[in-house]
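# Chain and residue survey
One-letter residues, chain by chain:
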Amino acid sequence: MLNNLPPITRTLLIVNGLVFLLQLALGNPAFYNFMLWPLGDYAAGVAADGARLSVGFLPWQVVSYGFLHGGFAHLLFNMLALFMFGSRLEYTWGQRRYLVYYFTCVIGAGLIQLLVATYAVSQGAGPYPTIGASGGVFGLLLAYGMLFPNERVMLLFPPIPMKARTLVIVFGALTLLMGITGTAAGIAHFAHLGGMLFGFGLIQYWRGRWPFRRRGGGWPPRR
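What you see is a predicted model; the values in this text were computed from it and never measured.

For the pair helix H1 (residues 7-26) and helix H4 (residues 95-122), the least separation of the axes is 9 Å and the interaxial angle reads 40°. As the angle between them shows, H1 and H4 are arranged oblique. Between H1, through Pro7, Ile8, Thr9 and Leu12, and H4, the contact on the second element is made entirely by Gln95, Tyr98, Leu99, Tyr102 and Phe103. The residue inventory of the contact of H1 with H4, partitioned by class, reads 7 nonpolar, 2 polar and no charged.

So, in structure tokens, the structure goes:
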């Protein structure tokens, strides 16, 4: 099955899977500096020699967090969405544009989550790391809905068919509602919205549409 996938999507699936196996083998503490932490310096324990171990934000975390996952179910759902939506988008856009889009969504989601988590800590919440490819995946979902709005997709839970455009609206609205109300704690809802926001901005830039007005448009993008 992997051999039939376009190369970037296939590589992303393999890398995420291999990193997850390393997490299982080495334990999450080995990856603390690759998880996305709020701004600041936080205690992470004590080393064998008695030295204080600390964690905090490091620049590369806005990319590396997107390759770590909190469990098999977390990995499975993200990779399933990457498989479903990413393959079609890569065939449509070509490898370069698809790669740029995916990492724009991952980084954009990370930046939004960095702001939200840092603000939460400033209000007295405990520091926590963010991991997962969900920001990039939500960006792919948005792009799929924008490019193929009338195609029908099937949800897993519950198994209900709906148009891709409707799926994007439903997921976006639910994510915003849960983020505002604090429902389903432990899920980075604003990171998901950040991936969609940055993805929307990049697509609009390529199209030359609001809020980016430019001649030529550049849509559809060249391979």
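Looking now at the packing of aromatic side chains. Applying the stated rule across the entire model yields 9 aromatic pairs. Taking the centre distance of 6.2 Å and the plane angle of 35° together, the rings of phenylalanine 67 and phenylalanine 103 count as tilted. Within this pair, whereas phenylalanine 67 is found in the loop between helix H2 (61-64) and helix H3 (72-93), its partner phenylalanine 103 is found in helix H4, the two being separated by 36 residues in sequence. Given the relative accessible area of 16%, phenylalanine 67 is considered buried.

Okay, helix H7 (residues 189-207) next. Its 19 residues give H7 an end-to-end C-alpha distance of 27 Å, which sits within 8% of 27 Å, the value for a rise of 1.5 Å per residue. In terms of burial, H7 is a largely internal element, 14 of the 19 residues being buried.

What follows deals with the nonpolar core. One finds Leu82, Phe85, Leu89, Trp93, Tyr98, Tyr101 and Leu140 to be the most contacted residues of the largest nonpolar core, which totals 52 residues. Those elements giving two or more residues to this core turn out to be H1, H3, H4, helix H5 (134-147), helix H6 (164-181) and H7. It is H5 that provides the largest number of residues to this core, a total of 8 residues. Ignoring anything within four residues of it in the chain, the contact list for leucine 140 reads Leu82, Phe85, Gly86, Leu89, Tyr98, Tyr101 and Tyr102.

What counts as what
- Residues numbered from 1 in each chain as written.
- Predicted model: local features only at pLDDT ≥ 70, side-chain atom pairs only at ≥ 80, totals over all residues.
- Heavy atoms only, no water.
- Axes fitted to C-alpha atoms, helices over the stretch in contact; angles between N-to-C directions.
- Helix = DSSP H or I, 4+ residues; strand = E, 2+ residues; numbered from the N terminus.
- Parallel < 35°, antiparallel > 145°, perpendicular 65-115°, else oblique.
- Contact = heavy atoms within 4.5 Å.
- Nonpolar A, V, L, I, M, F, W, Y, C, P; charged D, E, K, R; others polar.
- Phe/Tyr/Trp six-rings, centres within 6.5 Å; stacked < 30°, edge-to-face > 60°.
- Buried < 20%, exposed > 50% of the residue type's maximum accessible area, 1.4 Å probe, protein only.
- Expected span 1.5 Å × (residues − 1).
- Core = buried A, V, L, I, M, F, W, Y, C linked by side-chain atoms within 4.5 Å.

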